[in-house]
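Chains, contacts and geometry: an overview
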Amino acid sequence: MEELISLAARMLSGSNVTTVSTGAGISKESGIPTFRGSDGIWKSKNPKELASLEGFLSNPELVWKWYMQRLFTAREKDPNPAHLALVDLEGMIPHLTVITQNVDNLHRRAGSRKVVELHGNIEHFRCLECAHTADFDPEWDDRPPRCPECGSYIRPDIVWFGEQLPRTELEYAFDISSRSDTFLIIGTSGTVQPAAQLPIMARRNGARLIEINVTESAFTGQVDISLQGKAGEILPLIVNEIRAENSS
Ligand code: APR
């Protein structure tokens, strides 16, 4: 593993444009559950019921309550050494962009500056019908509030299954991925589109791929370096190696 860590460190420190794609696995060590795998959220909950427009329309209170729980859970947790190592890395190499499928806001709280949130952010809300947007209001309770402009429901500003991703973020993600020299994939099963296309686009344009995951993912057979283990343990080792190299 040490050899692979050194190889990954050298690849990243020599990279001009670096993109990092993160999934739920990077937040696992913060205490936020992943979606798939033996202890994943979708093992005990139905995504159609809780993370789709149809689900929200058929039972607004149930879906609203679940997102309030997820919001309060995310706020109680802290960024872990993997999030913090990405912040360090951002200051050590020229152009690093974090593209995340996570909505837990932990990359921003850790201090990452260039974060592209493909699936939205648990702190943000919007009206079901009109363009009204809102941040969390402590007055809110277990029922979805009504939009002050048009009276429709307020909903989480999160991409639900079957919904379009935010256009600006998605276009930027495609663009930066296809311009990357190095593409680092951390803690994602690679099962959800279009996020799962990003590493493939990067590779098609000559990028070298590095993956950090505790198990194999949809990408593992296609990466140049596969680091099997916890992101919170491996990423700091890579960053420490780059720091040591820079100071020697
Ligand atoms: N370090 C690194 N990887 C980890 C760790 C860890 N400590 N713990 C788990 N993993 C890996 C798992 O092996 C798995 O490959 O993280 C990945 C998590 O996969 P998923 O649960 O499928 O999460 P993700 O890929 O982010 O899901 C994508 O699906 O439900 C939707 O919108 C939701 O954004 C989510 C999307």
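Residues numbered from 1 in each chain as written. Predicted model: local features only at pLDDT ≥ 70, side-chain atom pairs only at ≥ 80, totals over all residues. Heavy atoms only, no water.

Bringing the pairing of strand β4 (residues 120-127) into the picture now. Along a regular strand, successive side chains alternate from one face of the sheet to the other. Among the eight residues of β4, six are classified as buried, and the element is accordingly described as predominantly covered. With four bridges joining them, β4 and strand β6 (residues 154-158) adopt antiparallel strand pairing. Of the residues in β6, the one forming a bridge with phenylalanine 125 is proline 156. Relative to strand β5 (residues 133-135), β4 runs antiparallel, the two being bridged by three bridges. Residue histidine 124 lies in a different strand from β5, and its bridge partner there is aspartate 135. Taking the residues that link successive antiparallel strands as the turn, the β4-β5 hairpin has five residues. (Buried < 20%, exposed > 50% of the residue type's maximum accessible area, 1.4 Å probe, protein only. Helix = DSSP H or I, 4+ residues; strand = E, 2+ residues; numbered from the N terminus. Pairing = 2+ DSSP bridges.)

Turning to the site of the ligand, a few remarks are in order. Around the ligand sit 22 residues in total, of which Phe35, Arg36, Thr188, Ser189 and Asn213 are the nearest. Measuring from an oxygen atom of the ligand, one finds a backbone N or O atom of alanine 24 at 2.8 Å. Within the backbone of glycine 187, one N or O atom sits 3.2 Å away from an oxygen atom of the ligand. Coverage of the ligand by the protein amounts to 92% of the 730 Å² it exposes when considered alone. Here the residues of the shell around the ligand are counted per class, giving seven nonpolar, 11 polar and four charged. When residues of the shell around the ligand are sorted by domain, at least three fall in each of domain 1 (1-32 + 79-119 + 165-248) and domain 2 (33-76 + 121-158). (Near = heavy atom within 4 Å. Polar contact = N/O pair within 3.5 Å; in protein donor to acceptor, adjacent residues only side chain to side chain. Areas by Shrake-Rupley, 256 points an atom, 1.4 Å probe, with all protein chains shown as cover. Nonpolar A, V, L, I, M, F, W, Y, C, P; charged D, E, K, R; others polar. Domains from an automatic or database assignment.)

Let us now look at the side chain of histidine 132. Structurally, histidine 132 is set in the loop between β4 and β5. With near-sequence residues (within four places) excluded, histidine 132 lies in contact with Arg126, Cys127, Cys147, Pro148, Glu149 and Ile154. (Contact = heavy atoms within 4.5 Å.)

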